[in-house]
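Summary of structural features
Here are the chains, one letter per residue:
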Amino acid sequence: MDLRIFTEPQQGASYDTLLTVAKATEDLGFDAFFRSDHYLKMGDADGLPGPTDAWITLAGLARETRRIRLGTLMTAATFRLPGVLAIQVAQVDQMSGGRVELGLGAGWFEEEHTAYGIPFPKEKFGRLEEQLEIVTGLWETPQGATFDFHGTHYDLTGSPALPKPAQEKIPVLVGGLGATRTPRLAARFADEFNVPFASVEDSERQFGRVRAAAEAIGRKADDLVYSNALVVCVGRDDAEVARRAAAIGREVDELKANGLAGTPAEVVDKIGRYAEIGASRVYLQVLDLDDLDHLELISSQVQSQLS
């Protein structure tokens, strides 16, 4: 079971804070550092000092880390044109020495678009599908050849399809709980399918849909990695769990029901339930980015039991 650290910087984090967490992620033996792609806080957080851009952040971290994978859950297709996104991600992959992964989603948070003057189209899923086809198509085009695409939302003619990533293939993540179109997109484009913040039962059902969609187009279901994203709140005892839950404005019982919360033994047991239904990777949503002792505890007493 791979454990990855997943952050939500729109809730309030500077680049320096993210760098500190990323370095701790690397030093403590976690597999990867991922971040959300949002420009506006959610809920009661103050969001200070203000938003950071996902791919600018990852470009910086690419030069200041050496081992960990770096990526997004999920880049919003509404934020970037697909040709520009392909260039950005390929460049960051080069800067990292081939450690980048792209999670790409449709985009959903209308208020952040309004706040920063970003168009929020009514038809988002069709745009996501075309973006996936364009981004992967640009990377796959042989050097010296050109790429053309003529869709409903985007039109590319004679693209040199440059630059190329450092990796032969950048892993692409697709995720969500949609019952029909999401599994179809994952089967066609994804190297990994991620279920965000869902129960074991709902995750098993969605993994099954993706596996069926893959087999329907002649792809082996086991070609994909299946993963979950879950909030994490671990403590050595009940008092420490309660303290960490209070620090992120959540209730212990709710966190235990909907995430990974409790003592290391409780969390290892619950991760095991996700492993039983096919998950081989978990993104630990860490909401208190100043609590590095939390990461150390997870590394020493949770991750050590799952290696």
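For the structure itself, look to the data block above.
Residues numbered from 1 in each chain as written. Predicted model: local features only at pLDDT ≥ 70, side-chain atom pairs only at ≥ 80, totals over all residues. Heavy atoms only, no water.

Let us now look at the overall build of the protein. For the protein, the helix and strand inventory stands at 11 helices and 12 strands. Structurally, the protein occupies a C-alpha span of about 60 × 45 × 35 Å along its principal axes. Each of the 307 residues in the protein was classed as buried or not, and the buried ones make up 54%. Separation of charge centres in the protein, based on 31 positive and 46 negative side chains, amounts to 4 Å. (Helix = DSSP H or I, 4+ residues; strand = E, 2+ residues; numbered from the N terminus. Buried < 20%, exposed > 50% of the residue type's maximum accessible area, 1.4 Å probe, protein only. Lys, Arg positive; Asp, Glu negative; His and termini not counted. Charge placed at Lys NZ, Arg CZ, Asp CG, Glu CD.)

With 15 residues, helix 11 (residues 292–306) should reach 21 Å at 1.5 Å per residue; the first-to-last C-alpha distance of 20 Å fits that figure. Remark: the principal bend of helix 11, roughly 35 degrees, maps to Ser299. When we look at burial in helix 11, the residues that qualify are His294, Leu295, Leu297, Ile298, Ser299, Val302, Gln303 and Leu306. In this structure, the buried residues of helix 11 make contact with strand 1 (2–7), helix 1 (15–27), strand 10 (225–234), helix 8 (238–247), helix 10 (264–276) and strand 12 (281–286). (Expected span 1.5 Å × (residues − 1). Bend = angle between axes of the 7 residues up to and from the residue. Contact = heavy atoms within 4.5 Å.)

Position of Leu284 relative to the elements: it lies in strand 12. Classification of Leu284 by relative accessible area gives buried; the value is 2%. When the C-alpha positions of Leu284 and Leu185 are compared, they lie 24 Å apart, and in sequence the two are 99 residues distant. Among all residues touching Leu284, those that are not within four sequence positions of it are Leu3, Arg4, Ile5, Phe6, Phe30, Leu230, Val232, Leu260 and Ile298.

Two measures describe an aromatic ring pair: the distance that separates the ring centres and the angle between the ring planes. Summed over all chains, the structure comprises five aromatic pairs. Between Trp108 and Phe109 the ring centres are 5.1 Å apart and the planes differ by 25 degrees, which places this aromatic pair in the stacked class. A cation over an aromatic ring shows up here: Arg181 above the ring of Phe125, its NZ or CZ 4.1 Å from the ring centre. (Phe/Tyr/Trp six-rings, centres within 6.5 Å; stacked < 30°, edge-to-face > 60°. Lys NZ or Arg CZ within 6 Å of the ring centre and 35° of its normal.)

Across the junction of Leu48 and Pro49, the peptide omega takes the value 10 degrees, indicating a cis bond. Tracing the sequence through the fold places Pro49 in the loop between strand 2 (32–35) and helix 2 (54–64). Here Leu73 and Met74 are connected by a cis peptide whose omega angle stands at -20 degrees. Relative to the helices and strands, Met74 resides in the loop between strand 3 (69–72) and strand 4 (75–76). The backbone of Ala161 sits at a positive phi, close to 55 degrees, despite the residue not being glycine. Among the residues examined, Ala161 registers a relative accessible area of 4% and is labelled buried. A positive phi angle, near 55 degrees, is found at Phe197, a position not held by glycine. In this structure, Phe197 sits in the loop between strand 9 (192–196) and helix 7 (200–216).

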